[in-house]
Amino acid sequence: MAPVKLAEYLFARLRQLGVDSVHGVPGDFNLTMLDHVEPAGLNWVGNANELNAAYAADGYARIKGLGAVVTTFGVGELSAINAIAGAYAEFAPVVHIVGIPARQLHETRTLMHHTLNDGEYKRFSQMAAQVTIAQTRLWDPLTSAQQVDDILAQCLLHCRPVYIELPVDLVDALVSGDRLQTPIRIPEPEEIPPNLEDLVSKVIGKMEAAKQPIIYVDGESRPLRILDALQQLVSATKWPTFTSPFGKGLVDETEQNYQGVYQGQWGDEKVHDFVNGADMVLCFGPHLSGTNTYMWNSIPQGGETISFTNTGVNMGAEHYRDIPAMLIMSRLVKALDVSKIKSYSPYPQIPKYQLLDASSPPGDDMIKQDKVWRILGNLIRPGDIVMGETGTPGFGVREMPLQKHCRLFTHVTWLSIGYMLPAAQGAALAQRELIAASKWHGIKKAKTILFIGDGSFQMTAQEMSTMVKHDLDVIIVLINNDGYSIERFIHGRKQGYNDVARWRYLEAPSFFGAPKDTFTASAKTWAELRTILENDRVNNTRGLSMIEVVMEREDAPPGQLQKVLDMQIERESKTA
């Protein structure tokens, strides 16, 4: 095969790995690189700013398995770095490609724009090193192709962002085209770990001895690439299965034994008692940040926990290192004899969230957080992607039962407000590409539903224009409760710093270029919301739709947020 230009090689590799669209913003150090995007068969998205572009690449990566964002040197990459840090914290495999000045300018320490005017060109890559799993600076045509392959393999292996610098004078440098014939593969062990069979036997033995076992699914199961085997285990054992917020949407919620998001003491007392009564917990992909565990309260404490992690398997005081989760899970599923394990027959009566009909609350009453999420859940269809922005929506979506093949994103660890709107653009684009390729579980039509508060919406509203530009099927449900409600609940109920400007939100689609017949509607009462949910245009959405749901400022979803608000009110009453 004839030699190819370095930029061609890079984009060809991304295409081979399943990336069909590249997010980003043009800048003077990446323009010639961008000339090679569309010739490589890739769609150039073109975002409103670099922060949004990286958020969108993150959402795309969580659905597609890999995402890419292109920025320019200095000003562009630093605008994106907040989003890249979030991708690192929450395991989104994003390739951040930065167009940088020509090599000679670095070597002569020329005082160029987009620098700090001190001749130091490595400051930004040093910053990026703190929030990416691997970094590379393409500097020599003889080694650049190998560097590209190696860093993309690292991105896939660790499911975390990587950073590539491409100087403008190397964009057209020729590299071997023959290398493109050899696929990039995720590194695997050279041999079967010698203690694998012993570990499988021990786990099976504990499973057979358990009297009240449960399964706990957390979000790092996705980067561990064990979801298929995990689903087989959940279906075969029929053991009560709980998830963290990060784990919600990773297993089939239509299974009888799926119990929902476990909230510890903040949730239902009967659920809490049942989990605490477990004598064994199979824990998959633990991600034990405070905000993913209701401030460490929902980490299952009953009995012995066997955890499948990115470094191996933890069983009591023993840690079996360097055993890939995919490997042990495949052996475990094959070795399991369900006739020898605990059968919950009859199945225990453990409470879990159910959908509510929109006609159940009195029609003239104002919409309340205690029921609205289980009513809004009626929007969801098989294959939909559901996204709950940091704030009351992020808690509310946890109550929503999902249909088959749905995915859900809620706030987990990074909690950068405004993330979900551009991430919804990226996720919806990835969803559409997979549907077009007949790789979305056989589903021909699905949508992305974004639940977002008014404060978060104002952070990244521009990305509605990208949704419109690419004609993505997205429903935006805007919760208008007049400000940063989650911050009010924590502190400052009446403080002005938790207020936001009052926008005319339903005019946003028009301003951002949506067709004049775009569906928009607002609801303050249950009757108004029911009318919206019964509208055929909502249930058969094409393109963008927007629904505003107006609620009171100090109305919180039941559970942790409501109790945090109640504690603040109690403190205030004592000091009054």
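Residues numbered from 1 in each chain as written. Predicted model: local features only at pLDDT ≥ 70, side-chain atom pairs only at ≥ 80, totals over all residues. Heavy atoms only, no water.

Heads up, the rule is: UniProt positions are given in the numbering used here, feature names are shortened, and annotations may be inferred rather than shown by experiment.
The chain appears in an unreviewed UniProt entry as Pyruvate decarboxylase from Epichloe bromicola. Listed under Cofactor (unreviewed entry) in UniProt, the entry text for the chain is "thiamine diphosphate". According to UniProt, the comment filed for the chain under the heading Sequence similarities (unreviewed entry) is "Belongs to the TPP enzyme family."

1. Things to note about the UniProt feature "domain: Thiamine pyrophosphate enzyme central" (unreviewed entry) in the chain
Condition: Secondary structure is summarised from DSSP: a helix means a run of H or I of at least four residues, a strand means a run of E of at least two, and numbering begins at the N terminus for each.
Cross-referencing UniProt, the feature "domain: Thiamine pyrophosphate enzyme central" (unreviewed entry) maps to residues 201–326 in the present numbering. Helix makes up 24% of residues 201–326 and strand 24%, with an end-to-end C-alpha separation of 16 Å.

2. Here's the deal with the environment of glutamine 154
What counts here: Buried means the residue's accessible area, taken with a 1.4 Å probe over protein chains only, is under 20% of the maximum for its type, while exposed means over 50%, and partly exposed covers the values in between. Contacts: residue pairs with any heavy atoms within 4.5 Å of one another.
Position of glutamine 154 relative to the elements: it lies in helix H7 (residues 141–158). On the accessibility criterion, glutamine 154 (29% relative accessible area) is partly exposed. Taking the C-alpha atoms as reference points, glutamine 154 and valine 333, 179 residues apart in sequence, are found 28 Å from one another. When neighbours within four sequence positions are excluded, glutamine 154 is seen to be in contact with Ile133, Ala134 and Cys159.

3. Here's the deal with the layout of surface pockets
Inclusion rule: Buriedness of a pocket was judged along seven lines, with at least five required to meet protein on both sides within 12 Å; pockets are open sets of points on a 1 Å grid over the protein atoms alone, cavities are sets where a 1.4 Å probe fits but cannot get out, and lining residues have an atom within 4 Å of a point. Grid points are joined across faces, edges and corners, and a volume is the space filled by probe spheres set on the points. Asp, Glu, Lys and Arg are counted as charged, while Ala, Val, Leu, Ile, Met, Phe, Trp, Tyr, Cys and Pro are counted as nonpolar; the rest, among them Gly, fall into the polar class.
Here the largest pocket is characterised by a volume of approximately 1,100 Å³. Lining the largest pocket are 33 residues; nearest its centre among them are Ile63, Leu227, Asp228, Arg407 and His441. In terms of residue count, helix H3 (residues 50–64) provides more of the lining of the largest pocket than any other element does, four residues in total. Of the residues belonging to the lining of the largest pocket, the class tally is 17 nonpolar, six polar and 10 charged. In this structure, the second largest pocket occupies an estimated 790 Å³ of space. Of all the secondary structure elements, the ones that give two or more residues to the lining of the second largest pocket are H7 and helix H11 (325–335).

4. Topic: the side chain of aspartate 384
Quick note on the threshold: Each polar contact in these results corresponds to two N or O atoms within 3.5 Å; when the atoms are within protein, one needs to be able to donate a hydrogen and the other to accept it, and residues that are neighboring in sequence are counted only if both atoms are side-chain atoms.
Within the secondary structure, aspartate 384 sits in the loop between helix H12 (369–376) and strand E16 (385–388). The exposure class assigned to aspartate 384 is buried, which follows from its relative accessible area of 1%. A polar atom in the side chain of aspartate 384 sits 2.7 Å from the side chain of lysine 447. Dropping the residues within four chain positions of it, aspartate 384 is found in contact with Leu379, His405, Cys406, Arg407, Gln431, Ala446, Lys447 and Ile449.

5. A short note on the nonpolar core
Let me state the cut-off plainly: Nonpolar cores were defined as sets of buried Ala, Val, Leu, Ile, Met, Phe, Trp, Tyr and Cys residues, with membership established by side-chain atoms within 4.5 Å.
Formed by 90 residues in total, the largest nonpolar core has its most connected members in Leu14, Val95, Met387, Phe457, Met464 and Ile476. No other element matches the 10 residues that helix H14 (residues 420–436) contributes to this core. With 47 residues, the next largest nonpolar core counts Val200, Phe242, Met329 and Tyr347 among its residues.

6. Considerations on H7
Put simply, the rule reads: Any helix carries an expected span of 1.5 Å times its number of residues minus one.
Taking 1.5 Å of rise per residue, 18 residues should cover 26 Å, and H7 covers 26 Å from first to last C-alpha, within 8% of that figure. All of the buried residues in H7 are Ser144, Ala145, Gln147, Val148, Asp149, Ile151, Leu152, Ala153, Cys155 and Leu156. Those residues of H7 that are buried lie in contact with helix H1 (6–16), strand E5 (94–100), strand E6 (134–137), strand E7 (162–167) and strand E8 (174–175). Regarding H7, its N-cap is aspartate 140, as a side-chain oxygen of that residue lies 2.9 Å from the backbone nitrogen of leucine 142 further along.

7. A closer look at the pairing of E5
Threshold: Here, any two strands with at least 2 DSSP bridges between them count as paired. By convention, orient the strands away from the viewer: a clockwise path from the first strand over the helix to the second makes the crossover right-handed.
Across the seven residues of E5, seven count as buried, placing the element largely inside the fold. Side chains of E5 alternate between two faces, with Val94, His96, Val98 and Ile100 and Val95, Ile97 and Gly99 buried alike. As defined by bridge partners, strand E4 (residues 67–72) adjoins E5 across six bridges and the pair is classed as parallel. Bridge pairing links valine 69 to histidine 96 in E5. What joins E4 to E5 is helix H4 (residues 75–89), and the crossover it makes is right-handed.

8. Some points on the sheet that holds strand E11 (residues 258–261)
Sheets are built from strands paired through backbone hydrogen bonds, the pairs being either parallel or antiparallel. This is how it is decided: Every axis corresponds to a line fitted to the C-alpha atoms, with the helix fit spanning only the stretch in contact, and the corresponding angles, defined between N-to-C directions, vary from 0 to 180 degrees.
Within the open sheet, the seven strands sit side by side as E11-E10-E9-E12-E13-E14-E15. Their pairing is mixed. Edge positions in the open sheet fall to E11 and strand E15 (318–321), since each of these has one partner strand only. Strand-to-strand twist across the sheet, computed as the mean angle between neighbouring axes with direction ignored, equals 15°. Here strand E12 (residues 280–284) runs beside strand E13 (residues 304–308); their pairing, made up of five bridges, is parallel. By the bridge assignment for E13, cysteine 283 is matched with serine 307. On the sheet, helix H8 (residues 196–209) packs against E12, E13, strand E14 (312–315) and E15 and is oriented at approximately 40° with respect to E14.

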